[in-house]
Amino acid sequence: MQEVDKTRLLILYGSQTGNAQDVAERVAREARLLLFAPSIMPMDAYPLQHLPDEKLVVLVTATTGQGDPPDNMRKFWRMLLRKNLPGDLLAGLQYAVFGLGDSGYVKYNVAAKKLDRRLAALGAEPLLERGLGDDQHPSGYEASLDPWLQQLWAVLRQRCPLPPGVQQPVLDEAALLQLGPPKYKRVTAADHFQDTRHIEFDLQGSGFDYQPGDLLAVFPRTPAADVEAALLRLGLDGDAWLRVEPAEQQQQQQQQQQDNGTQHANGSSSAAGAVCEATARAIVQGVLDLSGCSPRRYLFQVLSHFVSNAMQQKRLQYFATAEGRDDLYRYNQRERRSLLEVLQDFSSAAPPLERLLEAAPLLSPRQFSLASSPAAHPGRAAILVAVVAWATPTKRLRKGLLTSCPSADFYYRQEWGQLMQQQALQQQHGLIVAFSRHSPQLDQQQLLDMLQQQQQQQPGNAAASSAADGAGAATEQAAAAAAAAAAVAAAEVRPPGSRVYVTHKLREQGAMVWQLLQQGAWVYVSGSAEKMPAAVVSALEDVAQQHGGLTREAAAKYIRQLELSGRYHVEAWS
Ligand SMILES: Cc1cc2nc3c(=O)[nH]c(=O)nc-3n(C[C@H](O)[C@H](O)[C@H](O)COP(=O)(O)O)c2cc1C
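It should be emphasised that the depicted structure is a prediction, and the values quoted were computed from it without experimental measurement.

Asker: Give me the lowdown on the overall build of the protein chain, citing residues and values where you can.
Answerer: Across its full length, the protein chain holds 21 helices and 20 strands. Looking at the protein chain as a whole, 51% of its 574 residues qualify as buried. Looking at the protein chain alone, contacts between residues at least 24 apart form 80% of all its contacts between residues at least 6 apart. When the accessible surface of the protein chain is summed, it comes to about 26600 Å², and 50% of that surface belongs to carbon and sulfur atoms.

Asker: Before we move on, can you summarise the packing of helix α20 (residues 532-548) against helix α21 (residues 552-564) with the specific residues and values?
Answerer: Two elements in contact, α20 and α21, have axes whose closest approach is 8 Å; the angle formed by their N-to-C orientations is 125°. In terms of orientation, α20 lies oblique with respect to α21. The element α20 and its partner α21 pack so that their crossing is right-handed. Mapping the contact onto sequence places Val 537, Leu 540, Glu 541, Ala 544 and Gln 545 in α20 and Arg 552, Ala 555, Ala 556 and Ile 559 in α21. Its residues assigned to classes, the contact of α20 with α21 comprises six nonpolar, one polar and two charged.

Asker: Outline the site of the ligand, listing residues and values.
Answerer: In the vicinity of the ligand lie 21 residues, with Ser 15, Thr 17, Ala 20, Thr 63 and Asp 135 positioned nearest. Within the backbone of Gly 18, one N or O atom sits 3.0 Å away from an oxygen atom of the ligand. Gly 65 places a main-chain nitrogen or oxygen 2.8 Å from a nitrogen atom of the ligand. Computed on the free molecule, the ligand has an accessible area of 640 Å², of which 93% lies beneath the protein chains in the complex. Contributions of two or more residues to the shell around the ligand are made by α1 (19-33) and β4 (94-101).

Asker: Can you tell me about the pattern of salt bridges, naming the residues and giving the values?
Answerer: All told, the structure shown has 17 salt bridges when counted by the stated rule. In this structure, Asp 327 engages Arg 330 in a salt bridge whose closest nitrogen and oxygen atoms are separated by 2.9 Å. One end of the pair is Asp 327 and the other is Arg 330, both in helix α10 (residues 325-331) and three residues apart, which spans about a single turn. Taking relative accessible area as the criterion, Asp 327 reaches 28% and is therefore assigned partly exposed. Each of Arg 8, Asp 53, Glu 54, Arg 560 and Glu 563 takes part in salt bridges that share partners, so that together they form one network.

Asker: Kindly report on the pairing of strand β2 (residues 36-42), identifying the contributing residues and their values.
Answerer: A large share of β2 lies buried, amounting to seven of its seven residues. The alternating pattern of β2 places Phe 36, Pro 38, Ile 40 and Pro 42 and Ala 37, Ser 39 and Met 41 on opposite faces, both of which are buried. Both strand β1 (residues 7-14) and β2 contribute to a ladder of seven bridges, which runs parallel. If you follow Arg 8 over to β2, its bridge partner there is Ala 37. Taking the sense of rotation as the criterion, the β-α-β connection linking β1, α1 and β2 turns out right-handed.

Asker: Give a detailed account of the packing of aromatic side chains, specifying residues and quantitative values.
Answerer: Scanning the entire structure with this criterion turns up nine aromatic pairs. Ring centres 6.4 Å apart and planes at 80° place the aromatic pair Phe 300 and Phe 346 in the edge-to-face group. Note that Phe 300 is positioned in helix α8 (residues 297-304) and Phe 346 in the loop between α11 (339-345) and α12 (353-359), a separation of 46 residues in sequence. With a centroid separation of 5.0 Å and an interplanar angle of 50°, the aromatic rings of Trp 514 and Tyr 558 are classed as tilted. Placement of the pair is Trp 514 in helix α19 (residues 510-518) and Tyr 558 in helix α21, with a sequence separation of 44 residues. Ring pairs connect the aromatic residues Phe 300, Tyr 318, Phe 319, Tyr 331 and Phe 346, which therefore count as one cluster. If you follow Arg 315 out to its NZ or CZ, it ends over the ring of Tyr 331, 5.1 Å from the centre. Geometry around Tyr 105 places Arg 325 over its ring, the cationic atom sitting 5.2 Å from the centre.

What counts and how
- Residues numbered from 1 in each chain as written.
- Predicted model: local features only at pLDDT ≥ 70, side-chain atom pairs only at ≥ 80, totals over all residues.
- Heavy atoms only, no water.
- Helix = DSSP H or I, 4+ residues; strand = E, 2+ residues; numbered from the N terminus.
- Buried < 20%, exposed > 50% of the residue type's maximum accessible area, 1.4 Å probe, protein only.
- Contact = heavy atoms within 4.5 Å.
- Areas by Shrake-Rupley, 256 points an atom, 1.4 Å probe, with all protein chains shown as cover.
- Axes fitted to C-alpha atoms, helices over the stretch in contact; angles between N-to-C directions.
- Parallel < 35°, antiparallel > 145°, perpendicular 65-115°, else oblique.
- Left-handed = near helix turned anticlockwise from the far one by under 90°.
- Nonpolar A, V, L, I, M, F, W, Y, C, P; charged D, E, K, R; others polar.
- Near = heavy atom within 4 Å.
- Polar contact = N/O pair within 3.5 Å; in protein donor to acceptor, adjacent residues only side chain to side chain.
- Salt bridge = Lys/Arg side-chain N within 4 Å of Asp/Glu carboxyl O.
- Pairing = 2+ DSSP bridges.
- Right-handed = clockwise from strand over helix to strand, strands pointing away.
- Phe/Tyr/Trp six-rings, centres within 6.5 Å; stacked < 30°, edge-to-face > 60°.
- Lys NZ or Arg CZ within 6 Å of the ring centre and 35° of its normal.

So this is what it looks like as structure tokens:
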């Protein structure tokens, strides 16, 4: 594939319960596929003083409380509201805002609306009209997100065309390869607070290939006991065969049948365009998210139409009103109530399966950056998965969907490994400084694997090197970088209770860090999105001042330049 100079796209989000973050992550995934270079973080993790230097930014924000901005954008928002900011501060910036809200609230999507207005007032130019997602819509915020994203990519491609000869990639979620059962092992110490598993797949014979940093998608499967409980609860025969079609198509067909004056007794004779036929058990197991995400408010509204017990109906109707919103939040989202639990609590509700499929949460894949190098471990691919279990405010034990799943389907999808491969591993200097902090994404293990891969590749001629001649091909420079990077990264394997952070190590080893940067190092920052990205920027600015003799302003500009030239990457999670 031809190497492309990727256009940087900053993606900032403000999210209280995770939806806006999900949207921002989707924007970043699609951006990577479309050959942009996205950088994603919560608004409060972004150093606002750098915003005037950006060219393109997508901002995704929810509205919470009574029309308030989410907690992780409050600082950003306060600073943006300062009265003394000049009216042309953001004159070079083009932006797009997508808001998530609920039109049942009086202050519908106000955080997004105010953010949009404020950016325009500071001279930034909107790329397109702001998008507003509404929980009240039967399909949730995605109903407006899908067309908004399509428009966003069209406008961006128009303004940032690909070089001649480079084809526009297709957003293809379907190119998936199913892998065999994996092997597991715990990588964190038994007494460490986070149980992180290294999960490895055997690719031998699959004919499959990947690059470090590519993504593996995990499709969880609901435990059989929950599936049987749901079938029983819904009065469904698990072995009955059902046809699933998109609702619009169904309506069109019904309309056509009415127009023709015909009705098909079993519907099977007009199979044209049917999406799938499957048993009720397979649909309940593979489509409905019974034990993971909490249902949306719309489910409660739908259930209220199919409930026989008067008390339960009253409660469901109350949850669907504006006054019931906060109580619904306490019962549902805050407690991470699952679909199965809701169905069991409202035991007299008997919604038909097709209404449930419209309103209930559906299973979605979880994506992980691959944490292995094909050069160091040919024929194998690994991911790191954090075991997620916690107690809700009322002390109910909850588990992450994958953690509670006894089995899952694992698929591989190539994505931004190419970025790392091309930028960090194949280019001349091939140096990496990386900082890692118990990240389930780009972690210590992944860092070391990338370095192993780097050592096994002749810089600038990666394709020619192989695992067999790798050790000989390693340059002294790469080896030194590997040792240095590993030393810095080691700060993050810290004993429980230790207060030594990677920023301390960066300052402590400032001379070496500065030297590596001068040699053309690439910087990968991975860790908690909350404070870490901003803290690392500030530590590197200190290093540039102390060891590079730069002024405060020049140091900030230097780090900024690293980002703009694509040598500084952040992969943060919260
Ligand atoms: C406690 C609470 C308060 C909310 N307040 C508002 C509001 O004032 N205006 C609005 O449009 N949406 C409001 N919403 C709806 C959220 O914006 C919406 O559910 C959104 O998808 C949440 O995104 P997040 O998960 O990123 O925080 C509220 C939701 C909750 C749970």
